[in-house]
Amino acid sequence: MLKSLRFLLLMLFGLGAVHARQAEIDSANGWGYPYDSLLRDLSQWRQSPWVRVDSIGATVQNRAVWMVSITDSTDSVKATEGRSGGKFRIVAHARTHPSEVQAQRVANEMILFLLDTGNASQSLRRDFVWNIIPMYNPDGVESRFSRLNGNKVNLETDWSTKVMQPESSALKSWFTYLYAGKCQPRVALNLHSDQVNGSRFFFYHLPGGTSSIYATLEQDYINRVRSHFPGGIKPYSQISSWPDSTSVPDNRLMYPEGFWWKTAREDVMALTYEDDNSYTASDFDKTGRAIVLGSAEYVLGRGVTIQQAARTRGSRIVVGQWGVEIRSRTAGERWELRDLQGRNLVSGALMGDTRLDWSALPGKGPRILALLGGVEPPESVMLPLLR
């Protein structure tokens, strides 16, 4: 009780201001946010009743790789008031490349938003387990290496080597452990910052290197994040990767996203986010908030507040708490429900506007509802997971 009260007072009267002032001091040395600054913030965050701080392993130079876990006290696998089933999990790691301090700023702001006392943050803690690693490569940060760890290895491309670095081995083992559990990750983010383009964007994996279903899911995810920071994050088409899967050896497997694609395919949305890497970079709070809200909405398939039906602007498919409404505009249209492997689960013809209750839509996992035929362009949406 005393811990909860002390943290609430910090949140209300000083933690945000202290964090902002210290961020300015950390950035003044031209590098920004060393390991000591992380330890300082960890000591503040762990005062929250919703935070657990753990180490997932040790670095080459025996520094801890710290993980911040945020959720409320309700059972992660059972229903509770306001939640009809278990929680979902979202994971993120930042500062793989030490010079990309902006990525850590975004991760820190994600944490601060999740610890807010507002209704949205309360819902996010109730419905999710958030695991965030703000500084994945502390040895590189302390050694002032731009992209390398204590052994002068780039951790970003270490995932397919026979003898992995201790940091990447620890993260891969942790991912494997989580995916084998009951509360599996649904989104896995790899936070970076880009010195070339001077903008914020996600690396979009092309269908040739993943699947057409996954590409559709990527677009849905990125659009949801962008909706919370209009004009702040570039469209999914800004930067693309993985044009095909024909390289030998498979270059995709060098990266954390390659691990997730091989392990979970469409079940986990694994993406690299790049923030602006420049001295004028800013709005980390807006970016962190957008990533948190967009990630949650992607997983739930609806707004975080869950007060009204989710509605895609201009869409003919409207997803609500009761089911799905399809607005027919021309003759010859039909709807089709598919799983993430593209298999047809059920379909039907449209005879005017149609309402489909959840009971008429089989399956509880991620599914795609497509609207086909007629003269309008095809349209599809991902349906929410049913608990």
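Here the structure is shown first, and the text comes after it.
Residues numbered from 1 in each chain as written. Predicted model: local features only at pLDDT ≥ 70, side-chain atom pairs only at ≥ 80, totals over all residues. Heavy atoms only, no water.

**Brief notes about the packing of aromatic side chains**
On inspection of all chains with the given rule, the structure shows 15 aromatic pairs. The interplanar angle of 85 degrees and the centroid separation of 5.5 Å between the aromatic rings of Tyr 221 and Tyr 298 together place this pair among those described as edge-to-face. Remark: Tyr 298 occurs in helix H10 (residues 284–300) and Tyr 221 occurs in helix H8 (residues 212–226); sequence separation between them is 77 residues. Each member of the pair, Tyr 221 together with Tyr 298, is buried. (Phe/Tyr/Trp six-rings, centres within 6.5 Å; stacked < 30°, edge-to-face > 60°. Helix = DSSP H or I, 4+ residues; strand = E, 2+ residues; numbered from the N terminus. Buried < 20%, exposed > 50% of the residue type's maximum accessible area, 1.4 Å probe, protein only.)

**Let's talk about the sheet that holds strand E13 (residues 344–349)**
Reading across the sheet, the four strands line up as E13-E12-E15-E16 and stay open at both edges, with antiparallel pairing between neighbours. Two strands bound the open sheet, and with one partner strand each, they are E13 and strand E16 (379–383). This sheet shows a mean twist of 15 degrees between the axes of neighbouring strands, independent of strand direction. Taken together, the six bridges between strand E12 (residues 334–339) and strand E15 (residues 367–372) define a ladder with antiparallel strand orientation. Counterpart to Leu 337 in the pairing with E15 is Leu 369. (Pairing = 2+ DSSP bridges. Axes fitted to C-alpha atoms, helices over the stretch in contact; angles between N-to-C directions.)

**Some thoughts on the environment of Ala 79**
With respect to the helices, strands and loops of the structure, Ala 79 is situated in the loop between strand E2 (64–70) and strand E3 (88–94). It is 9.8 Å that separates the C-alpha atoms of Ala 79 and Asp 127, two residues lying 48 residues apart in sequence. Non-local contacts of Ala 79, meaning those with residues more than four positions away in its chain, are made with Ser 84 and Gly 85. (Contact = heavy atoms within 4.5 Å.)

**Quick notes on the pattern of salt bridges**
Applying the stated criterion across every chain, the model contains 15 salt bridges. Between Arg 52 and Asp 54 there is a salt bridge, with the nearest N and O atoms lying 3.0 Å from each other. Arg 52 sits in the exposed class, given a relative accessible area of 57%. Arg 200 is the salt-bridge partner of Asp 275, the closest N and O atoms lying 3.8 Å from each other. A residue pair is termed long-range when its members are at least 10 positions apart, and Asp 275 in strand E8 (residues 269–276) and Arg 200 in the loop between strand E5 (185–194) and strand E6 (201–205) qualify at 75 residues. Given a relative accessible area of 0%, Asp 275 falls into the buried group. For Arg 200, a relative accessible area of 15% translates into the label buried. What emerges from the salt-bridge pattern is a single network uniting Arg 200, Asp 275, Asp 283 and Lys 286. (Salt bridge = Lys/Arg side-chain N within 4 Å of Asp/Glu carboxyl O.)

**Notes on the sheet that holds strand E7 (residues 239–241)**
One open sheet accounts for eight strands, arranged E1-E2-E4-E3-E5-E8-E6-E7; its pairing is mixed. Strands with a single pairing partner mark the edges of an open sheet, and in this sheet they are strand E1 (51–58) and E7. Along the sheet, successive strands turn relative to each other by an average axial angle of 25 degrees, direction set aside. Direction of pairing for E2 relative to strand E4 (residues 128–133): antiparallel, over a ladder of three bridges. Looking at the pairing, Ile 70 lines up with Trp 130 of E4. Across the sheet, helix H3 (residues 35–45) touches E1 and E2, and the angle it forms with E2 is around 30 degrees. Along the sheet, H8 contacts E5, E6 and E8; its crossing angle with E6, the most-contacted strand, is approximately 170 degrees.

**Side note on the side chain of Thr 96**
Position of Thr 96 relative to the elements: it lies in the loop between E3 and helix H4 (101–114). A residue is classified by how much of its surface remains accessible, and Thr 96, at 1% relative accessible area, is buried. Once residues within four sequence positions are removed from consideration, Thr 96 is found in contact with Tyr 136, Asn 137, Leu 155, Glu 156, Asn 190 and His 192.

**Regarding empty space enclosed by the protein**
One pass over the structure, following the stated rule, counts two cavities of 30 Å³ or more. In this structure, the second largest cavity occupies an estimated 30 Å³ of space. What lines the second largest cavity is His 205, Tyr 214, Trp 242, Glu 257, Trp 260, Trp 261, Arg 265, Val 268 and Ala 270. Among the elements that make up the lining of the second largest cavity, the one with the highest residue count is helix H9 (residues 256–264) (three residues). (1 Å grid on protein atoms, 1.4 Å probe; cavity = no way out; pocket = protein on both sides within 12 Å on 5 of 7 lines; lining within 4 Å. Points joined across faces, edges and corners; volume = space filled by probe spheres on them.)

**Comments concerning the packing of H3 against H4**
Between H3 and H4, the shortest axis-to-axis distance is 12 Å and the interhelical angle comes to 10 degrees. It follows that H3 is roughly parallel to H4 by the angle criterion. Every residue of H4 that contacts H3 at Leu 38, Asp 41 and Trp 45 is listed here: Gln 104, Asn 108, Ile 111 and Leu 112. Here the contact of H3 with H4 is built from residues that sort into four nonpolar, two polar and one charged. (Parallel < 35°, antiparallel > 145°, perpendicular 65-115°, else oblique. Nonpolar A, V, L, I, M, F, W, Y, C, P; charged D, E, K, R; others polar.)

**Some words on the packing of H8 against H10**
Where H8 contacts H10, the two axes come as close as 7 Å, and the packing angle between them is 135 degrees. Accordingly, the angle class assigned to the pair H8 and H10 is oblique. Our pair here, H8 against H10, has a crossing hand that is right-handed. Of H10, the residues touching H8 (which contributes Leu 217, Asp 220, Tyr 221, Arg 224 and Val 225) are Ala 290, Ile 291, Gly 294, Ser 295, Glu 297 and Tyr 298. For the contact of H8 with H10, a count of residues per class yields six nonpolar, two polar and three charged. (Left-handed = near helix turned anticlockwise from the far one by under 90°.)

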